[in-house]
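# Structural overview for review
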Protein chains: 2
Amino acid sequence: MPFPEPLVFELEALLGDRFSMTEALRAQHGAGESFHPIEMPGAVTFPRSTEEVAATVRVCAAHAVPIIPFGAGTSLEGHVQAVQGGVCIATSQLTELIELNPEDMDCRVESGMTRKTLEGHLKGSGLFFPIDPGADASLGGMAATGASGTTTVRYGTMRENVLGLTVVLADGRVIRTGGRARKSSAGYDLTKLFLGSEGTLGVITEILIRLHGIPEATSAAVCSFSTLKDAVDAVTLTVQMGVGVARAELLDEVQMDAVNQFSDFSYPVQPTLFFEFHGSPAGVEEQANTVAEIASDLGATDFEWATMAEDRTKLWTARHEAYYAALALRPGCRGWATDVCVPISRLAECMLATRSDIDSEGLVAPIVSHAGDGNFHVSFIVDPDDEEEMGRARSVNKKMIMRAIEMGGTCTGEHGVGYGKMPYLLAEHGEAVSTMRSIKQALDPQKIMNPGKIFS
Amino acid sequence: MPFPEPLVFELEALLGDRFSMTEALRAQHGAGESFHPIEMPGAVTFPRSTEEVAATVRVCAAHAVPIIPFGAGTSLEGHVQAVQGGVCIATSQLTELIELNPEDMDCRVESGMTRKTLEGHLKGSGLFFPIDPGADASLGGMAATGASGTTTVRYGTMRENVLGLTVVLADGRVIRTGGRARKSSAGYDLTKLFLGSEGTLGVITEILIRLHGIPEATSAAVCSFSTLKDAVDAVTLTVQMGVGVARAELLDEVQMDAVNQFSDFSYPVQPTLFFEFHGSPAGVEEQANTVAEIASDLGATDFEWATMAEDRTKLWTARHEAYYAALALRPGCRGWATDVCVPISRLAECMLATRSDIDSEGLVAPIVSHAGDGNFHVSFIVDPDDEEEMGRARSVNKKMIMRAIEMGGTCTGEHGVGYGKMPYLLAEHGEAVSTMRSIKQALDPQKIMNPGKIFS
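Residues numbered from 1 in each chain as written. Chains lettered and ligands numbered in written order. Predicted model: local features only at pLDDT ≥ 70, side-chain atom pairs only at ≥ 80, totals over all residues.

## Some words on the relation of the copies chain A and chain B
Filter applied, for reference: In superposing the copies, a least-squares fit is computed on C-alpha atoms, taking residues whose pLDDT is at least 70 in both. A pair of residues counts as a contact when their C-beta atoms, built from backbone coordinates, are within 7 Å of each other.
Overlay of chain A on chain B (RMSD 0.0 Å): rotation 180 degrees, translation along the axis 0.0 Å. Such a combination of turn and shift is consistent with a two-fold rotation axis. Taken together, the interface assignments show that 100% of the residues at the interface of chain A recur at the interface of chain B, consistent with an identical surface on both copies.

## What about the interface of chain A and chain B?
How we decide: A run of DSSP states H or I qualifies as a helix once it reaches four residues; a run of E qualifies as a strand once it reaches two. Both are numbered from the N-terminal end. In this classification, Asp, Glu, Lys and Arg are treated as charged, Ala, Val, Leu, Ile, Met, Phe, Trp, Tyr, Cys and Pro as nonpolar, and every other residue, Gly included, as polar.
Listed as interface residues are 79 residues of chain A and, on the opposing side, 79 residues of chain B. When residues of the side of chain A that touches chain B are traced back to their parent elements, those giving at least two are helix 7 (158-161), strand 9 (174-178), helix 8 (190-194), helix 9 (228-240), helix 11 (281-297), helix 16 (425-429) and helix 17 (432-443) of chain A. Looking at the side of chain A that touches chain B, its residues break down into 27 nonpolar, 35 polar and 17 charged.

## Details of the pairing of strand 14 (residues 272-279) of chain B
Residue and element names in this part refer to chain B. Under the convention used in this document: To assign burial, the other C-beta atoms lying within 10 Å of each residue's own C-beta are counted, with C-beta atoms placed from the backbone; 20 or more indicates buried, 12 or fewer indicates exposed, and intermediate counts indicate partly exposed. A pair of strands is labelled paired if DSSP reports no fewer than 2 bridges between them.
With eight of eight residues buried, strand 14 lies mostly within the body of the structure. Residues of strand 14 alternate between two faces, with Thr272, Phe274, Glu276 and His278 on one and Leu273, Phe275, Phe277 and Gly279 on the opposite face, all of them buried. Strand direction decides the pairing type here: strand 12 (residues 217-224) and strand 14, joined by eight bridges, are antiparallel. Bridge assignment links Ser224 to a residue of strand 14, and that residue is Thr272. Relative to strand 14, strand 13 (residues 247-251) runs antiparallel, the two being bridged by five bridges.

## Section: the packing of helix 11 of chain A against helix 11 (residues 281-297) of chain B
Using the following cut-off: For every element, the axis is a line fit to its C-alpha atoms; helices are fit only across the contacting stretch, and the angle between N-to-C directions ranges from 0 to 180 degrees. By definition in this entry, angles of less than 35 degrees are roughly parallel, angles greater than 145 are roughly antiparallel, angles of 65 to 115 are roughly perpendicular, and the rest are oblique.
Between helix 11 of chain A and helix 11 of chain B, whose axes approach to 10 Å, the crossing angle comes to 170 degrees. Classified by the interaxial angle, the pair formed by helix 11 of chain A and helix 11 of chain B is roughly antiparallel. Residues Ala282, Gly283 and Glu286 of chain A of helix 11 of chain A touch helix 11 of chain B, and the partners they reach there are Ala282, Gly283 and Glu286 of chain B. Class assignment of the residues belonging to the contact of helix 11 of chain A with helix 11 of chain B gives a composition of two nonpolar, two polar and two charged.

## Topic: the domain arrangement of chain A
Residues and elements named next belong to chain A. To keep things clear, this is the line we draw: Domain extents, as shown, originate in an automatic or database domain assignment.
Along its sequence, chain A is organised into domain 1 (5-92), domain 2 (97-213), domain 3 (217-323) and domain 4 (330-429). Taken over C-alpha atoms, the centre of domain 2 sits 27 Å from the centre of domain 4. At the junction of the two partners, domain 2 supplies 11 residues and domain 4 supplies eight residues. Partitioned by chemical class, the residues of the side of domain 2 that touches domain 4 number three nonpolar, seven polar and one charged.

## Considering the sheet that holds strand 2 (residues 43-45) of chain A
Residue and element names in this part refer to chain A. If you walk across this open sheet you meet the four strands as 1-2-4-3, and the pairing is mixed. Both edges of this open sheet fall to strand 1 (19-20) and strand 3 (67-70), since each of them pairs with a single strand only. Relative to strand 4 (residues 87-90), strand 2 is paired through three bridges, and the arrangement is parallel. Within strand 4, the residue paired with Ala43 across the bridge is Val87. Here helix 3 (residues 50-62) sits on the sheet and contacts strand 2, strand 3 and strand 4; the angle it forms with strand 4, its principal contact strand, is near 170 degrees.

## Section: the packing of helix 9 (residues 228-240) of chain B against helix 11 of chain B
A pair of packed helices is captured by two measures, namely the crossing angle of their axes and the spacing between those axes. Residue and element names in this part refer to chain B. Our working definition: Handedness of each helix crossing follows the sense of rotation of the near helix against the far helix: counterclockwise by less than a right angle gives left-handed, clockwise gives right-handed.
Two elements in contact, helix 9 and helix 11, have axes separated by 9 Å at closest approach and are oriented at 140 degrees. Considering the angle they form, helix 9 stands oblique to helix 11. In the crossing of helix 9 with helix 11, the sense of the turn from one axis to the other is right-handed. Touching Ala234, Leu237 and Thr238 of helix 9 are Val291, Ile294 and Ala295, all from helix 11. For the contact of helix 9 with helix 11, the per-class residue count stands at five nonpolar, one polar and no charged.

## Concerning the sheet that holds strand 14 (residues 272-279) of chain A
The strands that make up a sheet pair up through hydrogen bonds in the backbone, lying either parallel or antiparallel. Residues and elements named next belong to chain A. The strand order 15-12-14-13-17-18-16 describes an open sheet built from seven strands, whose pairing is antiparallel. The two strands at the open ends of the sheet, each matched to only one other strand, are strand 15 (301-306) and strand 16 (334-341). Recorded for the sheet is a direction-independent mean angle of 15 degrees between the axes of neighbouring strands. Bridge analysis of strand 13 (residues 247-251) against strand 17 (residues 367-370) gives three bridges, and the strand direction is antiparallel. Along strand 17, the bridge assignment pairs Leu250 with Ser369. Of the strands in this sheet, strand 12 (217-224), strand 13, strand 14 and strand 15 are in contact with helix 12 (residues 309-320), which crosses strand 12 at around 45 degrees. Helix 14 (residues 347-360) contacts strand 17 and strand 18 (375-382) of the sheet and is inclined by roughly 165 degrees relative to strand 17.

Okay, here's the thing in C-alpha cells:
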C-alpha cells in the first residue's frame, strides 16, 4: 500500500531528517531477532519526545496509516514486522533518564532506553533493575511484551516491576497510567493492560520502573542430575521451602553438550541447574546449603558453588552463552527461539515430551528453562530456506504449545504473541479473546496500531 | 425505579427462593462496613454456580436492570450500595474449593469464599494465602477491589497473587482469564483489568489464587520512636537493605493511646512499629537483628521481639485491635476508614500534615500505616448524623487525598474507589480516565454493571 502523499509531507515537516524512507533503515526496522522474514515499513520515524510521538501518531491516524512501534528490535515472534506496511515509530532517540528516586527505589525513563543503559545509570545508587530477558532490549519493548527472564522466580516480570506508563493512544492523545505509589486501587489498572499489549493499543513513551536494592551478597551454584525430573523436583522443592532463589536455570543435556563444545567446558552431559542466591552473606550461605541438601537428596552430582564475582561469572558462562552455543551447533543456520510456560508440576513431563518430539523429527534444538517459573525455551537451529525442515520444526512447536495449553499453561511465557503465536491465542483463552478484541476496538477503532499482531 | 414485572418472574423461575425482595435481605445487602448510608437493591439473588450467575445477568441485561455484585459486605467506600437500584448478586453461596494444587502452590475457589475459610482449607498443606486486609472479606470482593493489607511489603497485593479469574460479562457470556502458568505474555492481561474493577465490568465467580509456602520460622518485633519520621525512616532503610520483612506496620501516637486504653497496654504513646519476619530460624533472627540495629540508630526504644506464637500474638494484639480501639474512643460513633498511598519518601510528611489537619479540626482520628508500601489509613471516628462534624472530616479527607496525589501518590492504596473516592479519580489520572471509560463502554454498553461506581 503506497503512502498518501500528504502523509509524507506532514511527517517530513514534523521530523525533518528524522523521517526516512531509505531502504536500509526500512529493512533494519522490519524484523526482530528471530527467523521471521523482514517485512519493511514504508517509512521510519525517530521522534525525540512524547509530544513528537503524539504528533506522528496524529498524522498517521488522520490518514489511517498503520503504526509499528520499534524498540531495540530484539523481539522473537514477529512483533515489529510491518505486515500491513505503515510507519515505524523507532524509540532509539527516546533514551533519557527522566527521574531517579533512590529513596523510593523507582525511576522514570524514556522507552527507548535499553536495560543495560539503565544499569549504567544506576551505578553507585545501590539499586538495580532485575529483569533480564537476555538481550539488551529497550525498556519500552520489554514493557510492550511483558518480558521477564532469569530472575522472575524472585523479582517477578515487567508486570510486577512497572509502576506506570506514558502512552500515546491511537488518536494521538497522551495518557499517564499508574503512579509512584507502590500500590493503588484507584480505577482500572491500565498499566497492566498496556504491559504485554505489543503496540496494539498505543505507543509507550515513558516507563516508571520499580528498582531493587543490590543484595549485600550474591552466590552461585551449579549441579547436574541424572534425570530432568530430578532437576525440576529440586527447583520445585526449593521454591516450596521458601528459599528465595534469585535464579534457577535448567539446561537439558543437549544444551549442556552444546556449551561444552562451544566454550571448552567439561560439564557432565546431563540436565544441569544453575542457581543464583541474593541476600546477606549468612543468608546466601544458608540458601546454598539448603539447595545443596535438596539437590543431593535427588542424586545431584558435581555441586559447585561460588561467592566471588569472578568465580560466579565463570560458573554462569555456560548459561549465558547457551544461545550462541546452540547456534554454533549448525554454523550458517538461524535460531528460532520459542517458549511455553506450564504449571511447574507438569514442567518435566512437558519438556521431556518436547525433547522426544524434537529427536524423533531429527531436529537440532537445545532446551533451556527458567525452571522456577515453569517456563522453557526450545531453540530450533534451522535453515529457514529448507521448507521441509521448517515444517518439522513448526509441527514440534505446535505440539509443544498445544500440550502446554492442555496442561493449564500458556503458549508464551515471556516472548509474547507477535504474529508467530497468533494461531494459539484462541486455543488458550477461548471466549476471553473476544473481550480482548472489544478492548482493541474501543481503543483503536481504525485498527492502525501494529495491525496483524496478537489478533488477525 | 420499580422492576419490570417479567424480570421478577424470570428470576424467581431461575432461582426459586434464592431470589428475594424482602426488606431485611435488601437492607443487609445495601451497605458495606463504613458510614456510607444503606442504599437497598430492589432484590437479592443467591446463585450457586457460574452458570446461575450468567443466567441471572442475562435476565437483568434483557431488562437493562443494574447488577450489583456483593461478597462479604466488608467494603469501605460504598462499593455495594445500590445507588441506582437493581439486582444484587450475592456470592455467599458460591463457596466451593474447586481445586488445590499443592505442588504448584495454587488453588481455584469460588468467589464467595472468605479468606479465613480458605485458610481453613489450607490447613495441613504447608501453604498459606498471605493477603490480609483485616476483615474476613470474600476473595471475590478482594479481587474486585484489588485488596492488599499488612503483608503487601513482602507478598504483594491481590494483583500479584491472582493468576486468573472466571468472569460473567455484562451480557452473560462467561470468560476465563489468565491460567495456571506462573507467568504469560499471551494477549492482554484481562485478569489485572478485572482486578480492581469493582464489579463495573463483570461478576467474578471463580479465582485462581497463588499460594505461598508457610515459612519455617516467624518472629515479631515492636519498637517506639520519638518522631514519626524516624519510624518511617526505619522502614525505608529496612526495605532498601533488602530485608524481606513480612509486615511493617506503623501506628501513630493517637492510635497507640487508643490501644493502650482499649487493651490495658502500657506502650509508650509514641509512633510505634510492629514488624513480622518470615524465613528460616537463622534468617528471621538475622532480619530481626538488622532491623533492631537500624531502629536503634534512629533512636528507637523498647525494642521487644518474640519468636513463640503466643508471644507474637500478644505483641501484635495492639495492631490487630487498632480499629476497635479507635471505635472505643467515642462509643456510639461510626468509623470512617479512608486511605491514601504515597511514595515512601513522602510518607512521614503526608501523615504529619494529615495529623495536623485532624487536630486543628478537632476530630478524633487515629492513623495506621502499612509503612513499607507508603499506604496509610485514617480512621475518622464520627457521628454520621452530625453534618457539621462530617463536613470537617470530609474536608480533612479531601486535603489528604489531594496532598497524596500532588506527592505522586494515589487517592486509594487498597480500599478502592466505590463512590466515596469517585470525585478524585480525575485529579489522579487525568486523561487516562477517558481510556477507562472507553473500556467500560466497550464491555458494558448498557451501563448495568454496578453503575455509579468508579465513574459517575
